[in-house]
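As a plain string of letters, each chain reads:
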Amino acid sequence: MSLLTESELRKQLKNTDIKEYEVVKGVIITPSAKQYLQDRNIKLVIVDTLGAKKQSDSDGMKEAEGKIFPKFICLQGGYVEEKPEHMTQLYGNKLVPKDHRRIEFRGRLDSLQSKILEVQVMASKLQNEGVAKDLEEILCFVRNILRAEVLEEKLPEFSLIGMSEDELREISHNPNKYFNMEHFMPSYKMGEIVIALNSIRSNAREVEICSFKAFKDIDGEITREDIIRYLNRLSSCLYVMMFKFLSGKYK
């Protein structure tokens, strides 16, 4: 259950001038937080969901018709005209603290894109345009994940570097069948490109773990299985690319 403190209110309402502050039913409001609102003559309103009033903590009056609400909605409760520095937009005009799990997930996706770009530059310098081209497709793939998360759109079925989801899983699990090679532990002796691809792969695995934290609801159910599936196949794809390089298929 969420807790609303005076400290959090001070952060949210700094440099604002509002008359009402909405809090979702069930949120625990500390006495000092209530006193802070009273001192600023801000009415505390309890709602079932933000934007839909149920009752007023002070006088139970209903929302007046034609009321103009501030620009941003804070998912922890309340409205603000200006976005506080410690908050950012989750989607639309909904604000959350910058350490929100979905915001952290977006940051990890951003770092993954940066790593892919670095390895593309390396591959191009080493005159392996095949690797650079496949990484361009993977870069677009990661950007589509980010776009779907921000816009809350469902990701479609896909293929990646010429392989379907099932093919990526099958090939990554049976490299001997497709590359005449056994599973291996990366070694510096395999060269710069293989080690760089492995770095992207391990980064993708970290993003996948982060996605579990970001999209697990209060009951432990995953709300974005499509994103998690995409990330799982991405790490498989990068593993397959390592085998392709070592078996000479990028020459």
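Residues numbered from 1 in each chain as written. Predicted model: local features only at pLDDT ≥ 70, side-chain atom pairs only at ≥ 80, totals over all residues. Heavy atoms only, no water.

1. Notes on the pairing of strand S9 (residues 94–97)
For clarity, the threshold we go by: Following DSSP output, two strands are said to pair if at least two bridges run between them. The secondary structure listing takes helices from DSSP runs of H or I that are at least 4 residues long and strands from runs of E that are at least 2 residues long, numbered from the N terminus.
Relative to S9, strand S6 (residues 72–74) is paired through two bridges, and the arrangement is parallel. Its bridge partner being in S9, Ile73 is matched across the sheet by Lys94. Bridging between strand S8 (residues 87–91) and S9 involves four bridges; their strand directions are antiparallel. When the bridges of S9 are listed, Gln89 appears paired with Leu95. Hairpin connection between S8 and S9: a loop of two residues separates the two successive antiparallel strands, and Gly92 in this loop has a positive phi of roughly 55°.

2. Quick notes on the nonpolar core
Quick note on the threshold: Only buried residues count toward a nonpolar core, which is a set of Ala, Val, Leu, Ile, Met, Phe, Trp, Tyr and Cys residues joined through side-chain atoms within 4.5 Å. Each residue is assigned to one of three classes by its accessible area relative to the maximum for its type, calculated with a 1.4 Å probe on protein chains only: buried under 20%, partly exposed between the two thresholds, exposed over 50%. Contacts were defined at the residue level, with two residues in contact if any of their heavy atoms lie within 4.5 Å.
Phe105, Leu135, Ile138, Ile145, Leu234, Leu238 and Met241 are the most contacted members of the largest nonpolar core, which has 46 residues in total. Ranked by the residues each element gives to this core, the list is headed by helix H8 (residues 225–246), at eleven residues. Not counting residues within four places of it along the chain, the set of residues in contact with Phe105 comprises Ile145, Glu149, Val207, Cys210, Ser211, Ala214, Phe215, Ile227 and Leu231. Counting 19 residues, the second largest nonpolar core, distinct from the first, contains Ile18, Ile46, Cys74 and Leu95.

3. Overview of the side chain of Asn203
Mapped onto the elements, Asn203 comes out in helix H7 (residues 192–214). Here Asn203 falls in the buried class, since its relative accessible area comes to 18%. When residues no more than four places from it in sequence are discounted, the contact partners of Asn203 are Arg108, Ser111, Leu112 and Lys115.

4. A few points about helix H2 (residues 31–39)
Rules: The arc in question is the one spanned by the directions pointing from the helix axis to the C-beta atoms.
The set of residues buried in H2 consists of Ala33, Tyr36 and Leu37. Projected down its long axis, H2 shows its buried positions confined to an angular sector of 95°, all on one face. Looking at H2, the residues exposed on the side facing more than 90 degrees away from the buried face are Pro31, Gln38 and Asp39. Residue Asn41 follows H2 closely and has a positive phi angle near 60°.

5. Overview of the environment of Thr30
Within the fold, Thr30 resides in the loop between strand S3 (28–29) and H2. The class for Thr30 is buried, based on a relative accessible area of 17%. Placed 26 residues apart in sequence, Thr30 and Leu4 show a C-alpha to C-alpha distance of 6.3 Å.

6. Structural notes on the confidence of the model for the protein
How we decide: A residue's pLDDT is the confidence the predictor assigns to it, expressed on a 0 to 100 scale.
Per-residue confidence for the protein gives a mean pLDDT of 85; residues scoring 70 or more make up 88%. Between residues 53–69, whose pLDDT stays under 50, and residues either more than four places distant or in other chains, the model counts 28 contacts.

7. Some thoughts on the packing of helix H5 (residues 165–173) against H8
As a reminder of what qualifies: Here the axes come from fitting lines to C-alpha atoms, over the contacting stretch only for helices, and the angles between their N-to-C directions go from 0 to 180 degrees. When describing relative orientation, an angle under 35 degrees is termed roughly parallel and one over 145 degrees roughly antiparallel, while 65 to 115 degrees is termed roughly perpendicular and anything else oblique. Left-handed describes a crossing whose near helix is turned anticlockwise from the far helix by less than a right angle; the clockwise case is right-handed. Each residue is assigned to one class: nonpolar for Ala, Val, Leu, Ile, Met, Phe, Trp, Tyr, Cys and Pro, charged for Asp, Glu, Lys and Arg, and polar for all the others, Gly among them.
Remark: H5 packs on H8, axes separated minimally by 9 Å, with the N-to-C direction vectors making an angle of 50°. The angle between the axes of H5 and H8 places the two elements in the oblique class. Once H5 is placed against H8, the crossing between them reads as left-handed. Contact residues: Glu165, Leu168, Arg169, Ile171 and Ser172 in H5; Arg229, Arg233, Ser236, Cys237, Tyr239 and Val240 in H8. Classifying every residue of the contact of H5 with H8 by side-chain character gives five nonpolar, two polar and four charged.

8. Quick look at unusual backbone geometry
Located in the positive-phi region is Glu152, a residue other than glycine, with phi close to 55°. As for its placement among the helices and strands, Glu152 is situated in the loop between helix H4 (129–151) and strand S10 (159–160). A positive phi is found at Ile161, a non-glycine position, where the angle reads about 40°. On the secondary structure map, Ile161 appears in the loop between S10 and strand S11 (163–164). Owing to a relative accessible area of 11%, Ile161 belongs among the buried residues under this scheme.

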